Amino acid sequence: MAEHVTHEHDVLVIGAGGAGLRAAAEAAAAGVSVAVISKSLLGKAHTVMAEGGIAAALANVDDRDSWRVHFADTMRGGQYLNSWRMAELHAKEAPACVRELEAWGAVFDRTADGRILQRNFGGHRYPRLAHVGDRTGLEMIRTLQDHDIHLGMDVFMEYTVVALLKDGGRIAGAFGYDRERGRFHLFRAKAVILATGGIGRAYKITSNSWEYTGDGHALAYHAGASLMDMEFVQFHPTGMIWPPSVRGILVTEGVRGEGGVLRNKDGRRFMFDDIPAAYANQTSDTEEEGWRYTQGDKNARRPPELLTRDHVARCIRREVREGRGSPHGGVFLDIAWIKNRIPNAAEHIKKKLPSMYHQFKQLADIDITVEAMEVGPTTHYVMGGVRVDPDSQMSDVPGLFAAGECGAGLHGANRLGGNSLSDLLVFGKRAGQYAAGYARENSLGVIHSDEVAAAEKHALAPFERDGAEGPYAVQHALQDMMQDLVGIVRQEKEMLQALERIQEFKLRASRAGVSGHREYNPGWHTAIDLNNLLTVSEMVTRAALERKESRGAHFRDDFPAKDDKFGSCNIVIRKGPGGEMQIRREPIPEMPVELKQIIQEMK
Amino acid sequence: MSTATFRIWRGEKGAGKFQDYSTEVSSGMVVLDAVHRIQAEQANNLAVRWNCKAGKCGSCSAEINGMPKLMCMTRLNSLPLEQPVTIEPMKAFPHVRDLVTDVSWNYSVKKNIAKFTPRPPDAPDGTWRMAQKDADRVQEFRKCIECFLCQDVCHVLREHHMHEQFVGPRFLVYAAALEMNPLDQADRVPALRQQYGIGLCNITKCCTKVCPENITITDNAIIPLKERVVDRFFDPLTKLFRVFGAGSR
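Here the structure is a predicted model, which means the values were calculated and not measured. (Residues numbered from 1 in each chain as written. Chains lettered and ligands numbered in written order. Predicted model: local features only at pLDDT ≥ 70, side-chain atom pairs only at ≥ 80, totals over all residues. Heavy atoms only, no water.)

**Considerations on the overall build of chain A**
On a plain count of helices and strands, chain A comes out with 17 helices and 20 strands. In terms of overall dimensions, chain A is globule-like: its C-alpha atoms have a radius of gyration of 23 Å, near the 25 Å expected for 603 residues. In terms of overall dimensions, chain A has C-alpha extents of about 70 × 50 × 50 Å along its principal axes. Relative to its 603 residues, chain A shows a buried fraction of 67%. Relative to all contacts within chain A whose residues are 6 or more apart in sequence, the contacts with residues 24 or more apart total 74%. By element, 48% of the accessible surface of chain A is carried by carbon and sulfur atoms, the whole surface being about 19300 Å². Counting 74 positive and 80 negative side-chain charges, chain A places the averaged centre of each group 2 Å from the other. (Helix = DSSP H or I, 4+ residues; strand = E, 2+ residues; numbered from the N terminus. Rg over C-alpha atoms; globule rule 2.2 N^0.38 Å. Buried < 20%, exposed > 50% of the residue type's maximum accessible area, 1.4 Å probe, protein only. Contact = heavy atoms within 4.5 Å. Areas by Shrake-Rupley, 256 points an atom, 1.4 Å probe, with all protein chains shown as cover. Lys, Arg positive; Asp, Glu negative; His and termini not counted. Charge placed at Lys NZ, Arg CZ, Asp CG, Glu CD.)

What follows is the structure, encoded as structure tokens:
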């Protein structure tokens, strides 16, 4: 066995985005020793890309809002597959979490009377998103980062975990490497929190960076935890599509919240053509009413552009497929048109959407105050993840917790915009609190050297191979395949083909070699991450095959309608005793009467 | 499609040399796209930091044809492609490998700046009131994506290596965001003068010129902070007041 450095902490947090940093803050405040492992530098996680805002029923802008409305909106958006307990906790606790961010130094946009301003967003009945222009995620991660560095925790920047270690049934720590030197590190911990984010890199067109290779999903799976809802991958309706090199970069829903409209090549606002029954009562009938809604008219209903992301993405795909798309295969998103409605529109747009303005100006030579943008769906988020106890966020491996995107439950079949940042805060905090509690009640587990040796051997394997093919080629082929065969619209034949291809890719990945040595070698890192991508791709495909209906973000051409049989169960995945991937349906627990009542009232 | 040459610094811990790579380029590409293509096809172990690829995370800082820039926001059509495009790591920090430098100094500097310390909440529900006008001023500084390009071009750090005496423009902006936050009550003025070394800045505005977020670093952050230091420590009237115990911040 090669050398490694050993570290000991009460709580180990893997991931340093919003959920990880919030969890670490809570655990540190509880008085236990905390380590945070960050795959990149601190403050660079995907949370910085969140633009629109944090959903919380503060009721600063519309006093009709309350946790009850937020709860009902979240459940409706998730097509009732959500963990109702998580949706309840989230709606109740998000406002306090936002206020706490302000106490830690976040500077939100303000209402006229000096309180935190809130904006409209898809699927939210009232203006609910606390925001800072269109860079809310940056504000959030910086606030958490600057808060955490004064709490005495150890931060390991540019470290990657390759395996979780167990002692019997419970968690005992994690094994990983540092990027700069390529040395191995053993992290012993009483409790481990996974906060590794998403799986976007399994797809070709994505808003996610290189980091989002499903590490936490795969680590938890191999450690024996259950995962659920993996068939639900959110394709954000508006990503950039031109020029090709920027394809997938996010265009915030805030554009539509501020009055931006979607048009096809004929200039038609096609979103009016298909309004789901569940939203018919809440959606405007006319363009005029939609505009009034975006301008704060409390009697107006939301424009159809602000329907849920799954629906908008499918409508865009339909327009393109039926030949009504824009020149580069998307549709037009127009905010410039508001100049017909308000004075100083150009200044207003730059003030409300500054990074969108710069992004298009610099990367696409488009002035969004003058011209329409071309947009199309991009892989953005995975609703599925580690199955956790709703209150504590603990997985079914004792001592292993999960929070944020790598956990499952809050969002069900489709996540509402803005519910991600609040998810990170509410459940990051809870994971930190309960992990600290677990750490206080348990001692360090025993580390088994054979597990460590196996993890190390696995990590170093790519150097032993002289395969002609490098890891990038396999990764790109996998991304193309997932995009084509397990994308926005799915069918059994294609997904069975996808499973075969995944087996081929596994073989290719096991042969892919890397050159050079262990110090800051991205080829090596890609080879390691590729294993996780393959695991999560298989999970998504198998879960999607199992759900023979269309619901939320999961749409099947061969089963285009909802099926009640599937409306009351989650698809749960677990590693079987022989290493095979096991899929089963599990009924959703019965919702308490009071919560059912809320949903009825808000229909 | 046409071909362009990229002259990339390869090596470790300061030692190394430029290596030329030719690769296909197409309309709309940015420098980071070309680097990625080279990494995927010709040099799998080429070390480079990046994350968001949209100018929001500040990871891919480098010197492109000698100019400090984000690789993800530098369009190839803004560069003369008939000659090789040189890409080098930042110079104000210790070199690690290829385009990657050790920026950990920045993280330790930040730890030593007094944290946000709000006044008691204005309302019983634990919230504060703030005018948007006051928020605007602080929000300009909070746009910072910590790319450290301003640190890279600052003469005090780059040429004079005074990392022990001077926190650099990034952390003067950080201090300004705290000092000008209407809710904050901590006093960083003595530290600005002593530990942060604000006097070492001679207002050449190089930092402002390279800021990808267009923060008016010198005029809006550093100069007002310098004025606070001068008012506190060098203004004869204030000094007099302080002697008699009537000093103000």
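**Quick word on the domain arrangement of chain A**
Residues and elements named next belong to chain A. Looking at chain A, the domain boundaries give domain 1 (236–379) and domain 2 (459–587). One C-alpha centre belongs to domain 1, the other to domain 2, and the line joining them spans 32 Å. At the interface, 5 residues of domain 1 touch 6 residues of domain 2. Interface area, domain 1 with domain 2, both sides summed: about 500 Å², of which 64% is carbon and sulfur. (Domains from an automatic or database assignment. Buried area = accessible area lost by both parts, 1.4 Å probe.)

**Description of the layout of surface pockets**
When its volume is computed, the largest pocket comes out at roughly 1300 Å³. Lining the largest pocket are 44 residues; nearest its centre among them are A:Arg201, A:Lys204, A:His476, B:Asp33 and B:His36. Secondary-structure elements contributing two or more residues to the lining of the largest pocket are helix H13 (471–485) and helix H15 (522–546) of chain A together with helix H1 (31–41) of chain B. Looking at the lining of the largest pocket element by element, the count peaks at 7 residues for H13(A). Its residues assigned to classes, the lining of the largest pocket comprises 19 nonpolar, 15 polar and 10 charged. For the second largest pocket, the calculated volume is near 940 Å³. Within the residue set of the lining of the second largest pocket, elements represented by two or more residues are helix H9 (345–352) and helix H10 (354–364) of chain A together with strand S4 (67–70), helix H3 (132–142) and helix H8 (206–210) of chain B. Residue contributions to the lining of the second largest pocket peak at 6 residues, all from H10(A). (1 Å grid on protein atoms, 1.4 Å probe; cavity = no way out; pocket = protein on both sides within 12 Å on 5 of 7 lines; lining within 4 Å. Points joined across faces, edges and corners; volume = space filled by probe spheres on them. Nonpolar A, V, L, I, M, F, W, Y, C, P; charged D, E, K, R; others polar.)

**Focus on the environment of A:Arg501**
Residue and element names in this part refer to chain A. Counting through the fold element by element, Arg501 comes out in helix H14 (residues 492–511). On the basis of relative accessibility, which here comes to 28%, the residue Arg501 falls in the partly exposed class. Note: C-alpha distance between Arg501 and Val370 (131 residues apart in sequence) is 45 Å.

**Points about the environment of A:Ile502**
Residues and elements named next belong to chain A. Mapped onto the fold, Ile502 is located in helix H14. Separated by 472 residues in the primary sequence, Ile502 and Ala30 have C-alpha atoms spaced 44 Å apart. Other than its neighbours up to four places away in sequence, Ile502 contacts Met481, Leu534, Ser537, Glu538 and Thr541.

**Here we look at the nonpolar core**
Of all hydrophobic cores here, the largest spans 250 residues; its most connected members are A:Phe71, A:Leu164, A:Leu194, B:Phe6, B:Met71 and B:Ile87. Excluding residues within four positions of it along the chain, B:Ile87 makes contact with B:Phe6, B:Arg7, B:Ile8, B:Trp9, B:Phe18, B:Val31, B:Val35, B:Ala62, B:Glu63, B:Met71 and B:Leu99. Counting 15 residues, the second-largest nonpolar core is a separate cluster that includes A:Phe175, A:Leu460, A:Trp524 and A:Ile528. (Core = buried A, V, L, I, M, F, W, Y, C linked by side-chain atoms within 4.5 Å.)

**Quick word on the pattern of salt bridges**
Residues and elements named next belong to chain A. For the structure shown, the criterion picks out 79 salt bridges over all chains. One salt bridge in this structure joins Asp480 and Lys204, with 3.8 Å as the shortest N-O distance. Of the two residues, Asp480 is situated in helix H13 and Lys204 in the loop between strand S9 (184–194) and helix H5 (215–222); the sequence distance between them amounts to 276 residues. By relative accessible area, which is 54% here, Lys204 ends up exposed. Put simply, Arg268 and Asp273 hold a salt bridge, and the shortest N to O gap is 2.6 Å. (Salt bridge = Lys/Arg side-chain N within 4 Å of Asp/Glu carboxyl O.)

**Notes on the sheet that holds strand S5 (residues 129–130) of chain A**
Hydrogen bonding along the main chain pairs the strands of a sheet, whether they run parallel or antiparallel. Residues and elements named next belong to chain A. If you trace the 3 strands from one edge of the open sheet to the other, you get S3-S5-S4, paired in antiparallel fashion. In the strand order of this sheet, the two ends are held by strand S3 (54–55) and strand S4 (118–119), each with one partner. Sheet topology places S3 next to S5; 2 bridges connect them, and they run antiparallel. Note that in S5 the partner of Ile54 across the bridge is Ala130. (Pairing = 2+ DSSP bridges.)

**A look at H1(B)**
In terms of burial, H1(B) is a largely internal element, 8 of the 11 residues being buried. By the burial criterion, the buried members of H1(B) are B:Val31, B:Leu32, B:Asp33, B:Ala34, B:Val35, B:His36, B:Ile38 and B:Gln39. Structurally, H1(B) contributes buried residues whose contacts are with H13 and H15 of chain A together with strand S1 (2–12), strand S2 (15–25), strand S3 (61–64) and strand S5 (85–88) of chain B.

**Observations regarding the interface of chain B and chain A**
Every contact between the two is made by 60 residues of chain B and, on the other side, 62 residues of chain A. Together chain B and chain A conceal approximately 5100 Å² of surface at their shared face, both sides included; 53% is due to carbon and sulfur atoms. Counting the contacts that link chain B with chain A gives 8 salt bridges. Measuring nitrogen to oxygen at the nearest pair gives 3.0 Å for the salt bridge that ties B:Asp136 to A:Lys351. Where chain B touches chain A, the interface holds 38 residue pairs in polar contact (both at pLDDT 80 or more). Contributing elements (two or more residues each) for the side of chain B that touches chain A: H1, strand S6 (95–97), helix H2 (104–111), H3 and helix H6 (169–179) of chain B. Among the elements that take part in the side of chain B that touches chain A, H3(B) stands out by supplying 6 residues, more than any other. Grouping the constituent residues of the side of chain B that touches chain A by class yields 28 nonpolar, 14 polar and 18 charged. (Polar contact = N/O pair within 3.5 Å; in protein donor to acceptor, adjacent residues only side chain to side chain.)

**Some details on the sheet that holds strand S11 (residues 233–240) of chain A**
Residues and elements named next belong to chain A. Strand order in the open sheet formed by 4 strands is S11-S14-S13-S12, and the pairing between neighbours is antiparallel. For this open sheet the edge positions go to S11 and strand S12 (261–263), each flanked by a neighbour on one side alone. Strand-to-strand, the axes of this sheet are offset by a mean angle of 45 degrees, without reference to chain direction. Where S12 meets strand S13 (residues 331–334), 3 bridges bridge the pair, whose relative direction is antiparallel. (Axes fitted to C-alpha atoms, helices over the stretch in contact; angles between N-to-C directions.)

**Brief notes about empty space enclosed by the protein**
Residue and element names in this part refer to chain A. This model, assessed by the stated rule, comprises 11 cavities of 30 Å³ or more. Of the pockets and cavities examined, the largest cavity occupies roughly 630 Å³. Around the largest cavity, the lining is made up of 47 residues, and of these His46, Thr47, Gly197, Tyr212 and Glu405 lie nearest the centre. The set of elements that each furnish at least two residues to the lining of the largest cavity consists of helix H1 (18–29), strand S2 (34–38), strand S7 (159–167), H5, strand S14 (373–382) and helix H11 (419–441). A breakdown of the residues in the lining of the largest cavity according to their chemical character gives 19 nonpolar, 19 polar and 9 charged.

**A few points about the pairing of strand S8 (residues 170–178) of chain A**
All names here are of chain A. Burial within S8 is extensive, with 9 of its 9 residues counted as buried. By the bridge criterion, 8 bridges tie S7 to S8 in an arrangement that is antiparallel. Bridge pairing in S8 places Lys166 opposite Ile171. Here S7 hands over to S8 after 2 residues, with Gly168 in that stretch at a positive phi of 65 degrees. Where S8 lies against S9, 5 bridges are found, and the strand directions are antiparallel. Directly across from Ala174, in S9, lies its bridge partner Phe187. Turn length for the S8-S9 hairpin, with the two strands adjacent in sequence and antiparallel, is 5 residues, and the turn residue Gly182 shows positive phi of about 75 degrees.

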